[in-house]
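The residues making up each chain are set out below.
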Amino acid sequence: MKNSKNRELLLETIKANHGTGEVSRKQILEISDGFNMTYPSWILNRKDLKVGRGMLDLTSMYSGTNVTHMRPVKLKRPVATVEPDPVAKVVTQAKLTMDIQNLIPSKDDTFVPFGFYQDLKKVLTTNMFYPVFISGLSGNGKTTMVEQVCANLKREAIRVNISIETDEDDLIGGNTLVDGNVVYREGPVLTAMKRGAVLILDEVDRGSNKLMCLQAICEGKSYFNKKTGDTITPANGFTIIATANTKGRGSDDGKFISAQLLDEAFLERFAITVEQEYPKAAVEKKIVLNKMAKVGCVDEDFATHLVTWSEVIRKTFFEGAVDELISTRRLEHIVNAYAVFGDKQKAIELCVNRFDEDTKEAFLSLYSKVDPSNVDEEIEQALEETF
């Protein structure tokens, strides 16, 4: 098709669609683009045709058009179409599958029940959601008591050690990389909820304000996991037991320097608070003898002396005369050292070396008064080596 014929076709089409009156620049371009024509400068650049802003009068041009062998095209007005609402795309978060078979703690044959043991057993027997906060000095068997109650009742327990770095991902769960893929790893809290297990928040007073992610869970309510869109309803038997050296108010004496101030709203969600004491002398002696039997070095006199020694030190500690004490756990350390080295004095010395020099010497001196026979043996040995 020749260029002149294209021009005549364009004019006839404009005339057929918009009449012989004024036509806009935009309308001319739409028709021109419909024929895949080049920019119609021969119309748009003529100043004599302009009658207003963006408007042209093509009357003078229509008089010369006479295309008999071409039929002008009647352009259809574009019909507005309503696009259907997009269908929401459902994306399923890939989850890490974990094979968990048995979470019931093992029974400790050396354990001797004392303190809150029987009461805690009653709490867990009800299968109620009943959060308990257990506070007490280091090494007096707080966490062991909870684990052994669960072992006795054959209840699953999940122990989570809390630190200042513990956050929502550690507790609830979060995304992680597995074989180069991002998958969601469920946290121990949700696992305990689903299984109806006892959740042990060990050393909870070492945590930060990130523990506030547990607020709804500490009320025993369903939890909406914002990372996966799942709602987890706690199974029957799920409850929370927290253990700590303080009551969430920090350590005034600096003995537990990493203990934090816990939020009042968090602490308020625990139904009861238990103050765990060290076991009585008779109970502690049974514990020491059981530990000795386990490592094959039973010595009842030594056990009696150790318990008496620790009792005197604790009494002195609570009176404010010394800054340190001997815990039940430290007595177990001494028993194990005795089993290894076969020397009572050496075992005690090695296990009190962690204290400052003055405290260490005071503790060793006190033991020599509690167990004079141990000093006599040392003197005899020194004499034999000398002569």
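To keep things clear, this report deals only with the structure shown in the data block. Fair warning: this is a prediction, and the values are worked out from it, not measured in the lab. (Residues numbered from 1 in each chain as written. Predicted model: local features only at pLDDT ≥ 70, side-chain atom pairs only at ≥ 80, totals over all residues. Heavy atoms only, no water.)

1. A look at the layout of surface pockets
Inclusion rule: Any residue with an atom within 4 Å of a point lines the site, the site being either a cavity, points on a 1 Å grid over the protein atoms alone where a 1.4 Å probe fits but cannot get out, or a pocket, an open set with protein on both sides within 12 Å along at least 5 of 7 lines. Grid points are joined across faces, edges and corners, and a volume is the space filled by probe spheres set on the points. Under the DSSP-based scheme used, a helix requires at least four consecutive residues in state H or I and a strand at least two consecutive residues in state E, with every element numbered from the N terminus. Three categories are distinguished: nonpolar for Ala, Val, Leu, Ile, Met, Phe, Trp, Tyr, Cys and Pro, charged for Asp, Glu, Lys and Arg, and polar for the others, with Gly belonging to the last.
Empty space within the largest pocket amounts to approximately 480 Å³. Around the largest pocket, the lining comprises 25 residues; the ones closest to its centre are Asn-140, Gly-141, Lys-142, Thr-144 and Arg-329. If you list the elements that add at least two residues to the lining of the largest pocket, you get helix H6 (142-153), strand S11 (239-244), helix H10 (281-295) and helix H12 (328-341). The element best represented in the lining of the largest pocket is H6, accounting for four residues. Residues of the lining of the largest pocket, tallied by class, amount to six nonpolar, 10 polar and nine charged. Approximately 350 Å³ is the volume attributed to the second largest pocket. Contributing to the lining of the second largest pocket are 20 residues, with Ser-135, Gly-136, Leu-137, Asn-245 and Phe-256 lying nearest its centre.

2. Digging into the packing of helix H5 (residues 117-125) against H6
Helices that pack against each other are described as a pair by the angle of their axes relative to one another and the distance between those axes. Operational definition: Angular values range over 0 to 180 degrees, each being the angle between N-to-C directions of two axes fitted as lines to C-alpha atoms, with helices fitted over their stretch in contact. By the definition adopted for this analysis, an angle is roughly parallel if under 35 degrees, roughly antiparallel if over 145, roughly perpendicular if from 65 to 115, and oblique otherwise. Working rule for handedness: look at the near helix, and if it is turned counterclockwise from the far one by less than a right angle, call the crossing left-handed; if clockwise, right-handed. Contacts between residues were defined by any pair of non-hydrogen atoms, one from each residue, lying within 4.5 Å.
Between H5 and H6, the least distance of the axes is 10 Å, while the angle of their chain directions is 50°. Comparing the axis directions of H5 and H6 gives the class oblique. Considering only the axes of H5 and H6, their crossing is right-handed. On H6, the residues touching Tyr-117, Leu-120, Lys-121, Leu-124 and Thr-125 of H5 are Met-145, Val-146, Gln-148, Val-149, Cys-150, Asn-152 and Leu-153.

3. So, the sheet that holds strand S8 (residues 198-202)
In sheet architecture, strand pairing relies on hydrogen bonds along the backbone and comes in two forms, parallel and antiparallel. For clarity, the cut-off: If DSSP finds at least two bridges between two strands, the strands pair.
The strand order across the open sheet formed by five strands is S5-S8-S11-S4-S12, and the pairing between neighbours is parallel. Each of the sheet's edge strands pairs with one partner strand only, and the pair in question is strand S5 (157-161) and strand S12 (272-276). Between one strand axis and the next, the sheet turns by 20° as a mean value, whatever way the strands run. Pairing of strand S4 (residues 132-136) with S12 involves five bridges; the strand directions are parallel. Considered in S12, the bridge of Phe-133 is made with Thr-273. The strands that helix H8 (residues 188-195) touches are S5 and S8; relative to S5, the one it contacts most, it runs at about 165°.

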